[in-house]
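So the chains spell out like this:
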Amino acid sequence: SRRGAALLAGRLDFPPARRAMEALETLEPTRPREALLHALGNGVAFHNADLSPEERQIVEQAFRDGEALAMVS
């Protein structure tokens, strides 16, 4: 899912999911967090078992709010 989101983020020109990115910035740095920040910069998110509960909550809310326009799981 992480790789798929990175591929989509590189091909799509969606607006950044700024609120989700700001929320992620407050969390401890992790490999999934860094990948999410990159993908969310292009309006794409991913959801998998590697995410912390906080990261999951942020990307789920971003998708529900229409801020993340694509989600790969």
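Residues numbered from 1 in each chain as written. Predicted model: local features only at pLDDT ≥ 70, side-chain atom pairs only at ≥ 80, totals over all residues. Heavy atoms only, no water.

Participant: Run through the nonpolar core, naming residues and quoting values.
Facilitator: Looking at soluble globular proteins, one finds that nonpolar side chains tend to be buried together. Ala5, Ala20, Leu24, Leu36, Leu40, Val44 and Phe46 are the most contacted members of the largest nonpolar core, which totals 21 residues. Listed by contribution, the elements that provide at least two residues to this core are α1 (2-11), α2 (18-25), α3 (31-40), β1 (44-46), α4 (53-64) and β2 (70-72). Of all the elements, α3 adds the most residues to this core, at five residues. Leave out the neighbours within four places in its chain, and Leu24 touches Arg33, Leu36, Leu37, Leu40, Glu55 and Ile58. (Core = buried A, V, L, I, M, F, W, Y, C linked by side-chain atoms within 4.5 Å. Buried < 20%, exposed > 50% of the residue type's maximum accessible area, 1.4 Å probe, protein only. Helix = DSSP H or I, 4+ residues; strand = E, 2+ residues; numbered from the N terminus. Contact = heavy atoms within 4.5 Å.)

Participant: If you had to explain the packing of α2 against α3 to someone new, which residues and values would you point to?
Facilitator: The contact between α2 and α3 brings their axes to 9 Å, and the two run at 160 degrees. Between α2 and α3, the angle falls in the class roughly antiparallel. Judged by the sense of rotation from one axis to the other, the crossing of α2 with α3 is left-handed. Between α2 and α3, the contacting residues are Ala20, Met21, Leu24 and Glu25 on the first element and Arg33, Leu36, Leu37 and Leu40 on the second. Here the residues of the contact of α2 with α3 are counted per class, giving six nonpolar, no polar and two charged. (Axes fitted to C-alpha atoms, helices over the stretch in contact; angles between N-to-C directions. Parallel < 35°, antiparallel > 145°, perpendicular 65-115°, else oblique. Left-handed = near helix turned anticlockwise from the far one by under 90°. Nonpolar A, V, L, I, M, F, W, Y, C, P; charged D, E, K, R; others polar.)

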